[in-house]
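# Fold and geometry: a report
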Amino acid sequence: LIVPPDSMDEYRSHADDVKQGRRVDAEGIRRRQDGSRFPAAVTYVPFSLPSRETAVYAIFRDMTERRRAEEAQWASEGRWRAVFDNSAVGITVTDMHGNYIDTNRAYREMVGYSEEELRTLTYMDLTWEDDRPANAALSADIWNGTLPKFQMEKRYRRKDGRSIWVRISVSKSPGAGTTAPIGICMVEDITERKQAEARLLDYEKVVEGSPEMIAVVDRDYRYVIANQAFLNYRGLHADQVIGHAVPE
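Positions within a chain are numbered from 1, following the residues in the order the chain's sequence is written. The predicted nature of this model means local features are confined to residues of pLDDT at least 70 and side-chain atom pairs, given and counted, to a pLDDT of 80 or more, with totals for whole chains, interfaces and linings taken over all residues. Side-chain metrics rest on all non-hydrogen atoms present in the structure, leaving aside hydrogens and water.

With that settled, consider the side chain of Arg 155. Going along the chain from the N terminus, every DSSP run of H or I of four or more residues is numbered as a helix, and every run of E of two or more is numbered as a strand. Assignment of secondary structure puts Arg 155 in strand β6 (residues 149–157). Other than its neighbours up to four places away in sequence, Arg 155 contacts Leu 126, Thr 127, Trp 128, Asp 130, Asp 131, Ile 164 and Trp 165. Whether two residues are in contact is decided by their heavy atoms, any of which lying within 4.5 Å being enough.

Attention now moves to the pattern of salt bridges. Pairing between side chains of opposite charge can happen when the charged atoms of each approach one another. Within this document, salt bridges are pairs made up of a side-chain nitrogen of Lys or Arg and a carboxyl oxygen of Asp or Glu, the two lying within 4 Å of each other. Applying the stated rule across the entire model yields 21 salt bridges. Across the pair Glu 65 and Arg 68 runs a salt bridge, and its minimum N-O distance is 2.9 Å. On the criterion of helical spacing, the pair formed by Glu 65 and Arg 68 is a turn pair, its members being three residues apart in helix α2 (residues 64–86). A simple rule labels every residue: compare its accessible area, found with a 1.4 Å probe on the protein chains alone, to the largest value its type can have, and call it buried under 20%, exposed over 50%, or partly exposed in between. For Glu 65, a relative accessible area of 54% translates into the label exposed. Residue Arg 68 is classed as exposed on the basis of its relative accessible area, which comes to 51%. Across the pair Asp 131 and Arg 155 runs a salt bridge, and its minimum N-O distance is 3.0 Å. Linking Asp 131 in the loop between α5 (123–126) and α6 (132–143) with Arg 155 in strand β6, this pair joins segments that are 24 residues apart in sequence.

Looking now at the sheet that holds β6. Strand order in the open sheet formed by five strands is β5-β4-β8-β7-β6, and the pairing between neighbours is antiparallel. Single-partner strands in this sheet number two, and they are β5 (100–103) and β6. Taken over all neighbouring pairs, the strand axes of this sheet differ in orientation by 25° on average, direction set aside. Two strands form a pair only when DSSP identifies at least two bridges running between them. Bridge analysis of strand β4 (residues 90–94) against β5 gives three bridges, and the strand direction is antiparallel. To get an axis, fit a line to the C-alpha atoms, keeping to the stretch in contact for a helix; angles then go from 0 to 180 degrees between the N-to-C directions.

Taking strand neighbours across the sheet as the criterion, the three strands line up as β1-β2-β3 in an open arrangement whose pairing is antiparallel. Looking at which strands have only one partner, the edges of the open sheet turn out to be β1 (24–31) and β3 (54–62). Sheet twist, expressed as the average angle between the axes of neighbouring strands with direction ignored, equals 35°. With eight bridges connecting them, β1 and strand β2 (residues 37–48) associate as antiparallel partners.

For the rest of this paragraph, the subject is unusual backbone geometry. Positive phi, normally seen in glycine, also occurs at Tyr 221, with a value near 60°. Within the element layout of this structure, Tyr 221 appears in the loop between β9 (215–217) and β10 (223–226). For Tyr 221, a relative accessible area of 55% corresponds to the exposed category.

The subject of this paragraph is the pairing of β3. In the sheet, β2 pairs with β3 via nine bridges, with the strands oriented antiparallel. Of the residues in β3, the one forming a bridge with Val 42 is Phe 60. Counted between consecutive antiparallel strands, the loop separating β2 from β3 contains five residues, among which Arg 52 sits at a positive phi close to 70°.

With that out of the way, let us pick up the pairing of strand β7 (residues 163–173). Sheet analysis places β6 next to β7, joined by nine bridges and oriented antiparallel. Looking at β7, one finds that Gln 151 is bridged to Ser 169. Between the antiparallel neighbours β6 and β7 lie five residues, among them Gly 161 with a positive phi of about 90°. By the bridge criterion, eight bridges tie β7 to strand β8 (residues 182–189) in an arrangement that is antiparallel. Bridge pairing links Ile 168 to Val 187 in β8.

Spelled out as structure tokens, the structure:
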């Protein structure tokens, strides 16, 4: 009455197990009176009647809602995984000890390590020694609950030995039940920006030491640099010039 034709082989296999006195716990498809199908969890338990004949009682549980919930969860996880793997920004998931649980493609390309290699390391292993104390202090504040999130700029040492600058944004996801809390970190490579800042700083040092009057403006004609010779000639202080427009 309730077993659809395409599930008969499975049903006969379960029936054979019951005939041998074995309990069966399985999932399958069953059919309602109106012909509609539904997923069901089925338990078959053999027992002896007073006449010594073997009978079986069956317990059916409609799994429709559970299957829908599972499919929704799978779809949600699939969307998250797609965003995680294809993000242009590096993303890491770590435990409270800094061990890598998961990393996305952008992060692995950034540091030059494979997923398997990173699972044997911590983020401190990649962090420059000089930057570790500040990173450790902020991380401790995250895990003990005194800080909800933090950002910092630090240096990584790639697998090939080359150093890069990164900006990290770190937060904690609380655990639930038996699930332990995890740390989530967004990582952006800012090496080019840092190199540009260093070049600008070197340029400013050269400009400041020049006896010639030198000023630099941006595309909006606002002063970004004015050396002391220029300020002295104008009789102005740096805060009266830097950030102000030329017409002022």
